[in-house]
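# Residue-level structure breakdown
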Amino acid sequence: DGGITQSPKYLFRKEGQNVTLSCEQNLNHDAMYWYRQDPGQGLRLIYYSQIVNDFQKGDIAEGYSVSREKKESFPLTVTSAQKNPTAFYLCASKTGQGVLYEQFFGPGTRLTVL
Amino acid sequence: GDSVTQMEGPVTLSEEAFLTINCTYTATGYPSLFWYVQYPGEGLQLLLKATKADDKGSNKGFEATYRKETTSFHLEKGSVQVSDSAVYFCALSYNAGNMLTFGGGTRLMVKP
């Protein structure tokens, strides 16, 4: 089955530690995205990548970093510089430009920083 | 900048009731409009979309019409089911781009 895998589903970390969230897709999509979801605030774009070895900051990139070494993978690192990292993180992917092409979402990772 | 505003939830309805979730947008151009649905503990799924003014998107009994004059894209369903309980997000994007701008989401709870 084609789809987007995010792991783990729940993640707990101590304050001050960096943590990396995994996102893998086998849909052969060129573009991949990371969103953060907080209660009542909808989704906000953290980073996106349209091709391998290239990525751009979204609206709330501070305190996060990404890499895109392979087409299938787009890991997100939440660094200790992120002031309020506890949130639900969603990865998405898309093939092609424009609204004719749908963004597909993964199941999400809920990060809790203790 | 562009923005999407949705009615605050939760919206609580009895089964078979009529549903309306309001969505209005502010945009500098002529965006396409979307409704996404998020079931508990899951990611988002595209429910329907409309790419130009007066278009109607429809899927699974849900409908929304792109109203340019009122900058709205309200979601409607004639008879909701318990299985429709979820969070619904309105969003916009431009044809030439890849970015989605989301509203805050509206939680729907349907009671049997």
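The residue numbering used here restarts from 1 in each chain and proceeds along that chain's sequence as written. Each chain takes a letter, starting from A, and each ligand takes a number, starting from 1, following the order in which they are written. pLDDT decides what is reported in this predicted model: residues at 70 or higher carry local features, side-chain atom pairs at 80 or more are listed and counted, and totals for whole chains, interfaces and linings draw on all residues regardless. The basis for every side-chain value is the complete set of non-hydrogen atoms in the structure, without hydrogens or water.

Bringing the overall build of chain B into the picture now. Looking only at helices and strands, chain B has zero helices and twelve strands in total. Helix numbers and strand numbers start at the N terminus; a helix is a DSSP run of H or I with at least 4 residues, a strand a run of E with at least 2. Each helix (α) and strand (β) of chain B, taken in turn from the N terminus, gives the series β-β-β-β-β-β-β-β-β-β-β-β. Only C-alpha atoms enter the radius of gyration, while the globule expectation follows 2.2 Å times N to the 0.38, with N the number of residues. Taken over the C-alpha trace, chain B has a radius of gyration of 13 Å; the compact-globule value for 112 residues is 13 Å, and the two agree within 12%. Principal axes of the C-alpha set define a box for chain B whose edges measure 40 × 30 × 20 Å. Residues counted as buried form 45% of the 112 residues belonging to chain B. Only heavy atoms matter for contacts: two residues are in contact if any of them lie within 4.5 Å across the pair. Long-range pairs, those at least 24 residues apart, make up 56% of the contacts in chain B between residues at least 6 apart in sequence. When the accessible area of chain B is evaluated, it comes to approximately 5300 Å², of which 49% is carbon and sulfur surface. Partly exposed residues are those whose accessible area sits between 20% and 50% of the maximum for their type, while under 20% is buried and over 50% is exposed, using a 1.4 Å probe and protein chains only. Reported accessibility uses the Shrake-Rupley method at a 1.4 Å probe radius. Residues are deemed covered only where the shown protein chains occlude them.

On to the packing of aromatic side chains. Note on ring pairs: Phe, Tyr and Trp rings are taken, using the six-membered ring of Trp, and paired if centres are within 6.5 Å. Classes follow the plane angle, with under 30 degrees stacked, over 60 edge-to-face and the rest tilted. In total, this model carries 13 aromatic pairs over all chains according to the counting rule given. Ring plane angle 20 degrees and centroid distance 6.3 Å describe the contact between Tyr33(A) and Tyr48(A), whose orientation is recorded as stacked. Taken together, the residues span a long stretch of sequence, with Tyr33(A) in strand S4 (residues 31–37) and Tyr48(A) in strand S5 (residues 43–51) at a distance of 15 residues. In this structure, Tyr33(A) and Tyr48(A) share a single accessibility class: buried. Ring centres of Tyr47(A) and Phe55(A) lie 5.9 Å apart, and the angle between their planes is 80 degrees; on these two criteria the pair is classed as edge-to-face. What links up through ring pairs into an aromatic cluster is the set Tyr33(A), Tyr35(A), Tyr48(A), Phe105(A), Phe34(B), Tyr36(B), Phe89(B) and Phe102(B).

This part covers the confidence of the model for chain A. Residue-level confidence of the predictor is summarised by pLDDT, bounded by 0 at the bottom and 100 at the top. Across chain A, pLDDT averages 91, with 95% of residues at or above 70. Taking the mean pLDDT of every element in chain A, the minimum, 90, falls on strand S10 (residues 104–105) of chain A and the maximum, 97, on strand S7 (residues 64–66) of chain A.

All names here are of chain A. Within the secondary structure, His 29 sits in the loop between strand S3 (19–25) and S4. There is a polar contact of 2.7 Å between the side chain of His 29 and the side chain of Ser 93. Excluding residues within four positions of it along the chain, His 29 makes contact with Arg 68, Lys 71, Ser 93, Lys 94, Thr 95 and Phe 104. Residues adjacent in sequence count toward polar contacts only when both atoms are side-chain atoms; beyond that, a polar contact is any pair of N or O atoms within 3.5 Å, and within protein one must be able to donate a hydrogen and the other to accept it.

Another point: the pairing of strand S4 (residues 23–26) of chain B. Residue and element names in this part refer to chain B. A one-sided burial pattern is seen for S4, the buried positions being Cys 23 and Tyr 25 and the unburied ones Thr 24 and Thr 26. We treat two strands as partners when DSSP finds at least two bridges between them. In this sheet, S4 lies alongside strand S1 (residues 3–6) in antiparallel orientation, the contact comprising four bridges. Pairing of Val 4 across the sheet is with Tyr 25, part of S4.

On the chain B side, the residues contacting the 24 residues of chain A number 23 residues. The term buried area means the drop in 1.4 Å probe accessible area that two parts suffer when joined, counted for both and summed. Surface buried jointly by chain A and chain B totals about 1700 Å² across both partners, of which 53% is contributed by carbon and sulfur atoms. Within this document, salt bridges are pairs made up of a side-chain nitrogen of Lys or Arg and a carboxyl oxygen of Asp or Glu, the two lying within 4 Å of each other. In this assembly, chain A and chain B are joined by zero salt bridges. Within the residue set of the side of chain A that touches chain B, elements represented by two or more residues are S4, S5 and strand S9 (87–94) of chain A. Charged means Asp, Glu, Lys or Arg here, nonpolar means Ala, Val, Leu, Ile, Met, Phe, Trp, Tyr, Cys or Pro, and polar covers whatever is left, Gly included. Of the residues in the side of chain A that touches chain B, the class split is eleven nonpolar, ten polar and three charged.

This paragraph deals with the sheet that holds strand S7 (residues 56–59) of chain B. Backbone-to-backbone hydrogen bonds pair the strands of a sheet. The strands run either parallel or antiparallel. Residues and elements named next belong to chain B. Overall, antiparallel pairing links the four strands, which are arranged S3-S9-S8-S7 in an open sheet. Every interior strand has two partners, whereas the edge strands, strand S3 (19–21) and S7, have only one. Averaged over all pairs of adjacent strands, the angle between their axes in this sheet comes to 15 degrees, without regard to strand direction. To obtain each axis, a line is fitted to C-alpha atoms, and for helices this fit is confined to the stretch in contact; angles are then taken between N-to-C directions over 0 to 180 degrees.

Let us look at the state of the cysteines. All names here are of chain B. Count a disulfide wherever a pair of cysteine sulfur atoms falls within 2.5 Å. One pass over the structure, following the stated rule, counts two disulfides over all chains. Linked covalently through their sulfurs, Cys 23 and Cys 90 form a disulfide whose S-S length is 2.0 Å. Handedness of the Cys 23-Cys 90 disulfide follows from its S-S torsion of about -70 degrees: it is left-handed. Here the residue Cys 23 occupies a position in strand S4, and Cys 90 occupies one in strand S10 (residues 86–93), the gap between them amounting to 67 residues. With relative accessibility at 1%, the residue Cys 23 sits in the buried group. Taking the relative accessible area as the measure of exposure, Cys 90 reaches 1% and is therefore buried.

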